[in-house]
Amino acid sequence: MPTAVDTTALQAALAGLAAEVAGATAVAPVPGDLGAARRRRLAWHLDDYLLPRVRDLEAPLVCILLGSTGAGKSSLLNGLAGARVSPSGVVRPTTMRPVVLLAPGQADAFMSGKVLAALADADRLQLVVHEGAFAEIALVDAPDVDSVEAENRRTAEELLQAADLCLFVTTAQRYADAVPWEFLRQAKARGVPLLVVVNRLPRREADRRAVLDDARRRFEEAGLGTAGPGGRDLPLLGVAEGARDPVTDGLAAAAIEPVRGALAELSADTAALTAVKAQALRGALAGLPAATGEVAADSEADRRRAAALRAHVERAYDAEQERLQDRLAGGDFLRGEVMRSWQEFVGVGDVSRWLSTGIGRVRSWLSRQFSPAKGGPELQRTKEQAFEELVGALVRHADVAAGNAATQWAADPAGALLLDAHPGLWGHGPALETEARAMLTQWLGRLTRMVEERGHSRRAFAFATSLGVNAIGVVAMLAVFAHSAGLTGGEVVIAGGTAVLNQKLLEALIGEAAVADIIRAAERDLRRTLRSALETDARRFLDLLTPAGDGPEALREAGHRVLAEAERLITSLAGTGR
Ligand SMILES: Nc1nc2c(ncn2[C@@H]2O[C@H](COP(=O)(O)OP(=O)(O)OP(=O)(O)O)[C@@H](O)[C@H]2O)c(=O)[nH]1
Ligand SMILES: [Mg+2]
């Protein structure tokens, strides 16, 4: 009977956990970090084993034949099938690609996104359909666990992860070997039920007994005494040396009848199959809290490393931002070329003369001076030079900030890895100059609008607009620079009278009251603009450190949800089972 069990809640919980695990990819891994491998293993276990298994509890039960090379796994499979489905051999190791023995009609169920389908899709499994197979059990002849072929060992490990039942094949000579025992420990940790075949036993009954007794003692000592299906005593079956059938290229049918009988009985008993699957599912889930906890801890460590790297970047850029603001306060942008072109434009000689005249006279001087035909090119040049100075300084400081941040990163193992992958971080970003120019142009636009909008009278406003947008903007910009540098009304001498000059010009344009406000606001705006240009540059570093997932706590919670749902499902399986 099919199990009328609703698995959707567990599926949803597993998918949620898988998403959290995918999101836990380290942003700041360190060389040799095993975290990535742990995360991948958990992801694989969730996606390729648990989810497909839960999605279809009706899929054939997966029984994997594991053991040393030459132990007789392929021979056992052939014996069980009653046909030569997996060649045995003398060249070790023989089986390189796992062979899956399926009953007719089983292949679709096996392949339609079920357990091991991923391996089959990658052509890493060979499917053999034969009427000698068990209707509800897929037998998998694995490559050896102890061969010189590292790839074989990995494949065996993967298969063990997907197993519902493990048929462990060993020989009278080999059963004490270390490597297969390592696999048995893994099988135990995974909670996979076991059956054991000891092949090539001595022909004498007494010797045979002695070997089997010793083998049983070792299994018991290893805590595997009750590792049989359903938690029963471990079934241990001996096969005598020479019990082979040349026709099937397998172990003789009579010698392995107990194994065949046990599998046939299991295959025919829906309740028993469900119980074994539930046991394997429980076993598969057993390692989940630990694995999830490890990945969560890895993710925590990653976040700590990322935070440290982030702090380096923030400190480096903050320091340069301060230095840049200091330059603004130091009047750096009022010197050099900017001043020269500005003074050329207004005429230094005129300054003192018109300062002593009334506001009306200033206006008429202004309209002469700023008429587009006269002052256009010089004004444009002043603006460009001021921008050059600002952008140049910004880029230089960003470059220093990037260099300092990168130097800190280089001294950190995780940072060094990121730098290797992004060598451009040693300097300012390639787009910074263009971006900074655009941001400053927008700033100047905002300033100009403010001057236009806040002129104190309609007359003044009309007058201001008659001078042209460029003129207002440049005058206001220089006034902001002067204000930032702390040059106000009285300090006529400084910077060739620029401060006062600009103040007067602006007052003439928009009235005294509004000037102070506007300049203060524009200065704040400029500082913000410079800061955000530097932040844009710093984001090249910080974006690398943005974790994808919801964090370790969410990961742990998703793990707990899976266990709670699994417990519910296993309980209801027990109800429908025996
Ligand atoms: N002499 C003798 N040889 C045996 C006996 N049983 C099995 N063999 C040999 O032992 C080897 C077993 O080989 P396989 O069945 O291919 O072993 P396997 O476990 O599949 O090995 P790999 O595929 O390499 O992992 C073969 O060479 C068999 O001929 C036996 O009773 N007597
Ligand atoms: Mg083989």
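Keep in mind that this is a model prediction, so the values were computed, not measured. (Residues numbered from 1 in each chain as written. Chains lettered and ligands numbered in written order. Predicted model: local features only at pLDDT ≥ 70, side-chain atom pairs only at ≥ 80, totals over all residues. Heavy atoms only, no water.)

**Regarding the packing of aromatic side chains**
Reasoning step 1: A full pass over the atoms with the stated rule returns four aromatic pairs.
Reasoning step 2: On the numbers, 6.1 Å between centres and 65° between planes, the contact of Tyr-317 with Phe-541 is edge-to-face. Of this pair, Tyr-317 sits in helix H11 (residues 288-329) while Phe-541 is found in helix H21 (residues 512-542), placing the two residues 224 residues apart along the sequence.
Reasoning step 3: With a relative accessible area of 4%, Tyr-317 lands in the buried category.
Reasoning step 4: An angle of 90° between the planes, with centres 5.2 Å apart, marks the rings of Trp-409 and Phe-541 as edge-to-face. With a gap of 132 residues between them, Trp-409 in helix H15 (residues 372-410) and Phe-541 in helix H21 connect regions that are remote in the sequence.
Reasoning step 5: By relative accessible area, Trp-409 is classed as buried at 0%.
Reasoning step 6: Classification of Phe-541 by relative accessible area gives buried; the value is 0%.
Reasoning step 7: Among the aromatic residues, those joined into a cluster by ring pairs are Phe-168, Trp-181 and Phe-219. (Phe/Tyr/Trp six-rings, centres within 6.5 Å; stacked < 30°, edge-to-face > 60°. Helix = DSSP H or I, 4+ residues; strand = E, 2+ residues; numbered from the N terminus. Buried < 20%, exposed > 50% of the residue type's maximum accessible area, 1.4 Å probe, protein only.)

**Some details on the coordination of the magnesium ion (ligand 2)**
Reasoning step 1: Within the first shell, the magnesium ion (ligand 2) binds the protein through Ser-74 (OG) and Thr-95 (OG1), at distances of 2.0 to 2.1 Å. Placement of Ser-74 in helix H3 (residues 73-81) and of Thr-95 in the loop between H3 and strand S2 (99-102) is noted, with a sequence separation of 21 residues between them. Of the two residues, Ser-74 and Thr-95, neither departs from the other in class, the shared state being buried. (Donors = N, O, S within 2.8 Å, 3.2 Å for Na, K, Ca; no water.)

**Considering the pairing of strand S4 (residues 137-141)**
Reasoning step 1: Most of S4 sits out of view: five of its five residues are buried.
Reasoning step 2: Side-chain alternation along S4 places Ile-137, Leu-139 and Asp-141 on one buried face and Ala-138 and Val-140 on a second face that is also buried.

**Topic: the sheet that holds S4**
Reasoning step 1: What the seven strands build is an open sheet, ordered S3-S2-S4-S1-S5-S6-S7; its pairing is mixed. The sheet terminates laterally at strand S3 (126-129) and strand S7 (236-240), the two strands that pair on one side only. Mean inter-strand twist for the sheet, computed between neighbouring axes without regard to direction, equals 20°.
Reasoning step 2: Examined bridge by bridge, strand S5 (residues 165-171) and strand S6 (residues 194-201) share six bridges and lie parallel to one another. Residue pairing for S6: Phe-168 is matched across the bridge by Val-196. (Pairing = 2+ DSSP bridges. Axes fitted to C-alpha atoms, helices over the stretch in contact; angles between N-to-C directions.)

In short, geometric facts, not functional conclusions.
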